[in-house]
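So you can see what is in the structure, the chains are spelled out below.
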Amino acid sequence: MHPAPHDTAVRVRAATRADLAAIAALHAGARAAHHRARHPHTPFDAPAEHARRHDAWARVLDCDDTPALCAERRGTVLGAATYLPHAATLWGDPRGTDRPRPTVELHQLHVDPAHWGTGVGRALHTACLHAWHTAGYARAVLDVQWHNRRARAFYARLGWHPDPDPGRRPAPDATHLTLTLELPPRPHPAPQGPPAGR
């Protein structure tokens, strides 16, 4: 049974090496749950798959240049996300002049299947948006599998759209779709007037 919304809130924080086993397990579980309907005889939750997820997340958590977040309820890690900051890339200014715009890639976002639909994924996404806004990114991209209808619907609800020019940044292969999200600029601080009395 899912916890009632008022039981406890989702807490998102920076992931650490201590979270590695939990994150690898939920990632392997989410992957298995997604693929089981399409490939019922493929052992996505086999020990080798868990080992691959463990090794991949170990590299992420050991890399200072790859931020990683985890979401927890009552101290139990239920989801994780990581993103890859990109160098400034010429994407094209809608006013007609190209200019560098920093881009970020949402590389992974996974939730324990037992907690799908309970707000964990949205909390992780909100935390990513906050970090990207603070860092001044103008655009975010991600790759999602064509047949992953749940993930595609999730990102569509959050404002992601298919990249209108996928030739600029091709997906890994023909089974994936590249999505993009334009990020609002950071507001400039209001100018300070002269001190009163001058």
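Residues numbered from 1 in each chain as written. Predicted model: local features only at pLDDT ≥ 70, side-chain atom pairs only at ≥ 80, totals over all residues. Heavy atoms only, no water.

J.: Which parts of the structure should I look at to understand the packing of aromatic side chains?
T.: The relation between two aromatic rings is expressed through the spacing of the ring centres and the mutual angle of the planes. Under the definition given, this model contains four aromatic pairs. Between the aromatic rings of Tyr83 and Trp132, the centroid separation amounts to 5.7 Å while the plane-to-plane angle is 90°, which identifies the pairing as edge-to-face. Of this pair, Tyr83 sits in strand E3 (residues 76–85) while Trp132 sits in helix H3 (residues 120–135); the two residues are 49 residues apart in sequence, bridging distant segments of the chain. Each member of the pair, Tyr83 together with Trp132, is buried. Each ring, one from Phe154 and one from Tyr155, has its centre 5.1 Å from the other, and the planes form 70°; the classification is edge-to-face. Taken individually, Phe154 and Tyr155 each receive the classification buried, so the pair is uniform in this respect. Among the aromatic side chains, those forming a connected cluster through ring pairs are Tyr83, Trp132, Phe154, Tyr155 and Trp160. (Phe/Tyr/Trp six-rings, centres within 6.5 Å; stacked < 30°, edge-to-face > 60°. Helix = DSSP H or I, 4+ residues; strand = E, 2+ residues; numbered from the N terminus. Buried < 20%, exposed > 50% of the residue type's maximum accessible area, 1.4 Å probe, protein only.)

J.: How do you make sense of the sheet that holds E3 when you look at a structure like this?
T.: Backbone-to-backbone hydrogen bonds pair the strands of a sheet. The strands run either parallel or antiparallel. The strand order across the open sheet built from seven strands is E1-E2-E3-E6-E7-E9-E8, with neighbouring strands paired in mixed fashion. Taken across any chain shown, the strands that pair with only one partner, and hence form the sheet edges, are strand E1 (11–14) and strand E8 (161–162). In this sheet, strand E9 (residues 176–182) lies alongside strand E7 (residues 139–145) in antiparallel orientation, the contact comprising seven bridges. Paired with Val144 across the bridge in E9 is Leu177. (Pairing = 2+ DSSP bridges.)

J.: Mind showing me how you'd approach helix H4 (residues 149–157) here?
T.: In an α-helix there are 3.6 residues to a turn, and that puts residues three or four apart on one side. Looking at H4, one finds that the buried residues are Ala151, Phe154 and Tyr155. Viewed along the axis of H4, the buried residues span an arc of 90°, placing them on a single side of the element. Away from its buried face by more than 90 degrees, H4 exposes Arg149 and Arg157. Packing partners of the buried residues in H4 comprise strand E6 (103–111), H3, E7 and E9. Positive phi shows up at Gly159, right after H4, with a value of about 100°. (Arc of directions from axis to C-beta. Contact = heavy atoms within 4.5 Å.)

J.: Looking at this structure, I do not really get helix H2 (residues 47–61). What am I missing?
T.: The first and last C-alpha atoms of H2 sit 21 Å apart over 15 residues, in line with the 21 Å expected at 1.5 Å per residue. Every buried residue belonging to H2 is among Glu49, Arg53, Trp57, Ala58, Val60 and Leu61, and all of these are buried. (Expected span 1.5 Å × (residues − 1).)

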